[in-house]
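# Observations on the model geometry
Here are the chains, one letter per residue:
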Amino acid sequence: MRIRALLFCAAFACSNLAGAQDDSSALTERLAAARTVWQRAAIADYVYGYNKFCECHAETPPETLVSVAAGVVTDVRHRMAKTGDVVPADRDNFALYWTVDDLFGLIERAAAGTATVQADFDARNGVPQRIFIDYLPDMIGDEVDVRVTSFSTD
């Protein structure tokens with residue numbers, strides 16, 4: 001009976017590993033396809049918004065609005081969820097905010113490692129819409145949870 005239980009556990013573990021590899025492979029393919037759509041769109045100037053969920057803003061994170069010109073972050077504002085007030089980010093910190101190309105890089109680097117990665121992409125322009133990365137599944141607070149709220153080329 002013990003041998004049968006061990007064989008079952010081994011088979012179950014292998015099937016889960018295969019499923020994880022399939023998920024990773026599917027993500028890699030979807031990421032490449034979305035990046036191709038984005039590159040073909042050749043959008044260098046845009047404004048997009050996102051919510052970044054974390055322990056400090058678990059339910060109502062501010063919306064971060066990022067302006068990008070020629071592929072470089074030129075302005076960042078935070079719209080507070082509870083009040084709607086818009087607070088500009090310090091220009092010295094603009095390097096901390098993502099362009100769309102940076103979002104693709106974030107997903108790609110995490111997927112190349114051991115992290116659990118989930119991502120969805122806009123079919124029209126390839127822009128990542130939802131990114132969830134859990135670098136250490138047994139650790140709390142290391143996750144990246146980003147949801148794009150808006151995207152405009154105006």
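Everything below is about the structure printed above this text.
Treat the numbers as computed from the prediction; the structure is a model and nothing was measured.

## Observations concerning the nonpolar core
Tyr48, Trp98, Val117 and Ile133 are the most contacted members of the largest nonpolar core, which totals 32 residues. For this core, the secondary structure elements donating two or more residues are helix 1 (2-41), strand 1 (46-53), strand 2 (63-69), strand 3 (72-79), helix 2 (100-112), strand 5 (116-121), strand 6 (128-134) and strand 7 (144-152). Considering each element in turn, this core owes the most residues, seven residues, to helix 2.

## Observations regarding the packing of aromatic side chains
Using the criterion set out here, one finds seven aromatic pairs in the structure. Seen in terms of ring centroids, tyrosine 46 and tyrosine 48 are 6.2 Å apart; in terms of plane orientation they differ by 45°. Their pairing is tilted. For tyrosine 46, a relative accessible area of 4% corresponds to the buried category. Here the aromatic residues Trp38, Tyr46, Tyr48, Tyr50, Trp98 and Phe151 are joined through ring pairs into a cluster of three or more. In this structure, arginine 147 packs its charged tip against the face of phenylalanine 53, placed 4.3 Å from the ring centre.

## Some words on the pairing of strand 2
Across the seven residues that make up strand 2, a large majority, six, are buried. Sheet analysis places strand 1 next to strand 2, joined by six bridges and oriented antiparallel. Looking across to strand 2, one finds that valine 47 is bridged to serine 67. The pairing of strand 2 with strand 3 spans seven bridges and is classified as antiparallel. Within strand 3, the residue paired with glutamate 63 across the bridge is arginine 79. Connecting the antiparallel pair strand 2 and strand 3 is a turn made up of two residues, with alanine 70 showing a positive phi of about 55°.

What counts and what doesn't
- Residues numbered from 1 in each chain as written.
- Predicted model: local features only at pLDDT ≥ 70, side-chain atom pairs only at ≥ 80, totals over all residues.
- Heavy atoms only, no water.
- Core = buried A, V, L, I, M, F, W, Y, C linked by side-chain atoms within 4.5 Å.
- Buried < 20%, exposed > 50% of the residue type's maximum accessible area, 1.4 Å probe, protein only.
- Helix = DSSP H or I, 4+ residues; strand = E, 2+ residues; numbered from the N terminus.
- Phe/Tyr/Trp six-rings, centres within 6.5 Å; stacked < 30°, edge-to-face > 60°.
- Lys NZ or Arg CZ within 6 Å of the ring centre and 35° of its normal.
- Pairing = 2+ DSSP bridges.

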